[in-house]
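Residues per chain, in single letters:
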Amino acid sequence: QVQLVESGGGLVQAVGSLRLSCAASGGTFSSYVMGWFRQVVGQEREIVAAIHWNGGVTYYADSVKGRFTISRDNAKNTVYLQMDSLEPEDTAVYYCGADVTRFAIARRSWQYEYWGQGTQVTVSS
């Protein structure tokens with residue numbers, strides 16, 4: 001069983017920055033694809049970014065390219081999401097997910113087996 005705990009969310013003004021962290025335990029973190037997703041009430045959970053097990057391959061949604069950076073530290077069992085130039089449209093609950101079965105990066109929320117509890121990010125204009 002894999003446990004994921006997100007942290008780092010909060011309230012920030014537009015064009016500001018936040019860094020989210022997701023600490024994993026209970027599994028072999030270094031072998032998992034990890035993803036960051038976000039969800040607004042009434043909408044589907046959408047992918048923000050994902051990273052391959054060794055950090056060599058990453059994926060970003062078009063809406064965050066050039067502003068967000070995903071990274072991981074396998075020695076610390078932690079994945080990060082650096083969010084710069086934040087916009088009010090980035091307001092959502094952010095979740096990290098672990099895909100423990102696939103080798104390639106998955107982009108759909110249903111492909112991730114484990115989830116954290118989420119952390120709220122609010123960007124004011």
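This text follows the structure it describes.
The present account deals with the structure reproduced in this document.

Right, let's get into the sheet that holds strand 7 (residues 68-73). Strand pairing within a sheet occurs via backbone hydrogen bonds; the two strands may be parallel or antiparallel. The antiparallel open sheet is built from four strands, whose spatial order is 1-3-8-7. The sheet terminates laterally at strand 1 (3-7) and strand 7, the two strands that pair on one side only. Put simply, the sheet's adjacent strands are angled 15° from each other on average, direction ignored.

What follows covers the pairing of strand 7. Because side chains alternate across strand 7, one face comprises the buried residues Phe 68, Ile 70 and Arg 72, and the other comprises Thr 69, Ser 71 and Asp 73, none of which is buried. Judged from the six bridges that link them, strand 7 and strand 8 (residues 78-83) form a sheet pairing that is antiparallel. Bridge pairing in strand 8 links Asp 73 to Thr 78. In sequence, strand 7 turns back onto strand 8 through a hairpin of four residues, with Asn 77 there showing a positive phi of about 55°.

Our focus in this paragraph is the side chain of Thr 78. Within the secondary structure, Thr 78 is located in strand 8. From its side chain, Thr 78 meets the backbone oxygen of Lys 76 in a polar contact 2.8 Å long. Not counting chain neighbours up to four residues away, the residues in contact with Thr 78 comprise Ser 21, Cys 22, Ala 23, Phe 29, Arg 72 and Asp 73.

The final tally for this structure, using the stated rule, is seven salt bridges. Among the salt bridges present, the one from Arg 67 reaches Glu 87, with a minimum N-O distance of 3.9 Å. You can see Arg 67 sitting in the loop between strand 6 (58-60) and strand 7 and its partner Glu 87 sitting in the loop between strand 8 and strand 9 (92-99), a full 20 residues away along the chain. Note that Glu 113 is salt-bridged to Arg 102, the shortest N-O span being 3.6 Å. Here Glu 113 is found in the loop between strand 9 and strand 10 (114-115), whereas its partner Arg 102 is found in the loop between strand 9 and strand 10, with 11 residues between them in sequence. Taking relative accessible area as the criterion, Glu 113 reaches 34% and is therefore assigned partly exposed. Overall, Arg 102 belongs to the partly exposed group, its relative accessible area being 30%.

Conventions used here
- Residues numbered from 1 in each chain as written.
- Predicted model: local features only at pLDDT ≥ 70, side-chain atom pairs only at ≥ 80, totals over all residues.
- Heavy atoms only, no water.
- Pairing = 2+ DSSP bridges.
- Helix = DSSP H or I, 4+ residues; strand = E, 2+ residues; numbered from the N terminus.
- Axes fitted to C-alpha atoms, helices over the stretch in contact; angles between N-to-C directions.
- Buried < 20%, exposed > 50% of the residue type's maximum accessible area, 1.4 Å probe, protein only.
- Polar contact = N/O pair within 3.5 Å; in protein donor to acceptor, adjacent residues only side chain to side chain.
- Contact = heavy atoms within 4.5 Å.
- Salt bridge = Lys/Arg side-chain N within 4 Å of Asp/Glu carboxyl O.

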